[in-house]
Amino acid sequence: MSGINKVILIGNLGKNPEVRHLENGRARATFSLATNETYKNKEGEKVTNTEWHNVVLWTPFAEIAEKYLTKGKQVYIEGKLSTRSYEDKEGNMKYITEVVGQNLTLLGSKNSSSEPMAAGSLPQSNEASNPETDDLPF
């Protein structure tokens, strides 16, 4: 049996996406995403922990991110964990774990918190629709 590498996050962008257009025509967007967990401690006080995630999106989602995502926007990301390494200027090996997004859904509002964001023309996943199951009532 093969393994499963799946990540699902709902959070808010910590910064505007940085988008690079590569020579082969593909686009790559990177940004940080904050997820919050809230609980009550032993004293009954509300505590919020924020976890920061490095997210990478490739075409076509990188182009959607470039057009629609800004700091603070809420987004649903589905993807996989990927770790890469590089050598810094001092010759030390550095390791980065990233979420490589394979699905992106824009959440929240386009202009204000009362208007839902229209995402009908945006691709929601890389999967093609299946005409045999599209008419199922569930």
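Coordinates for the structure precede this section.
The shown structure was predicted, so the numbers you read here are calculated from the model rather than taken from an experiment.

Asks: Now, about the overall build of the protein chain: what can you tell me, with residues and values included?
Replies: A tally of helices and strands in the protein chain yields one helix and six strands. Walking the protein chain from its N terminus toward its C terminus, one meets helices and strands in the order β-β-β-β-α-β-β. Counting all 138 residues of the protein chain, 28% fall into the buried class. Put simply, of all contacts in the protein chain between residues at least 6 apart along the chain, 54% involve residues at least 24 apart. Accessible surface for the protein chain amounts to roughly 9,900 Å². Of this, 47% is attributable to carbon and sulfur atoms.

Asks: I'd like a description of the pairing of strand E5 (residues 74-87), backed by residues and values.
Replies: Pairing of strand E1 (residues 7-13) with E5 involves six bridges; the strand directions are antiparallel. The residue of E5 that forms the bridge with Val 7 is Gly 79. Across 13 bridges, the pairing between E5 and strand E6 (residues 93-106) is antiparallel. For Glu 78, the partnering residue across the bridge sits in E6 and is Asn 103.

Asks: Explain the pairing of strand E2 (residues 18-21) residue by residue, including any values.
Replies: Both E2 and strand E3 (residues 27-40) contribute to a ladder of four bridges, which runs antiparallel. Residue pairing across strands places His 21 opposite Ala 27, the latter belonging to E3. Hairpin geometry of E2 and E3 is characterised by an intervening segment of five residues between the two adjacent antiparallel strands and by a positive phi of about 95° at Gly 25.

Asks: Please give an account of the side chain of His 53 that cites residues and values.
Replies: Mapped onto the elements, His 53 comes out in strand E4 (residues 46-58). A relative accessible area of 17% places His 53 in the buried class. Looking at His 53, its side chain comes within polar contact range of the side chain of Thr 35, at 2.8 Å.

Asks: Mind laying out the pattern of salt bridges, listing which residues take part and the relevant values?
Replies: Counting across every chain of the model gives five salt bridges. A salt bridge links Lys 6 to Glu 78; the shortest N-O distance between them is 2.8 Å. One end of the pair, Lys 6, is in the segment before E1; the other, Glu 78, is in strand E5, and 72 residues separate them in sequence. Overall, the relative accessible area of 53% leaves Lys 6 in the exposed class. Put simply, Arg 28 and Glu 98 hold a salt bridge, and the shortest N to O gap is 3.8 Å. Here the residue Arg 28 occupies a position in strand E3, and Glu 98 occupies one in strand E6, the gap between them amounting to 70 residues. Since its relative accessible area comes to 7%, Glu 98 is described here as buried. One connected set of salt bridges, linked through shared partners, spans Arg 28, Arg 84 and Glu 98.

Procedures and definitions
Residues numbered from 1 in each chain as written. Predicted model: local features only at pLDDT ≥ 70, side-chain atom pairs only at ≥ 80, totals over all residues. Heavy atoms only, no water. Helix = DSSP H or I, 4+ residues; strand = E, 2+ residues; numbered from the N terminus. Buried < 20%, exposed > 50% of the residue type's maximum accessible area, 1.4 Å probe, protein only. Contact = heavy atoms within 4.5 Å. Areas by Shrake-Rupley, 256 points an atom, 1.4 Å probe, with all protein chains shown as cover. Pairing = 2+ DSSP bridges. Polar contact = N/O pair within 3.5 Å; in protein donor to acceptor, adjacent residues only side chain to side chain. Salt bridge = Lys/Arg side-chain N within 4 Å of Asp/Glu carboxyl O.

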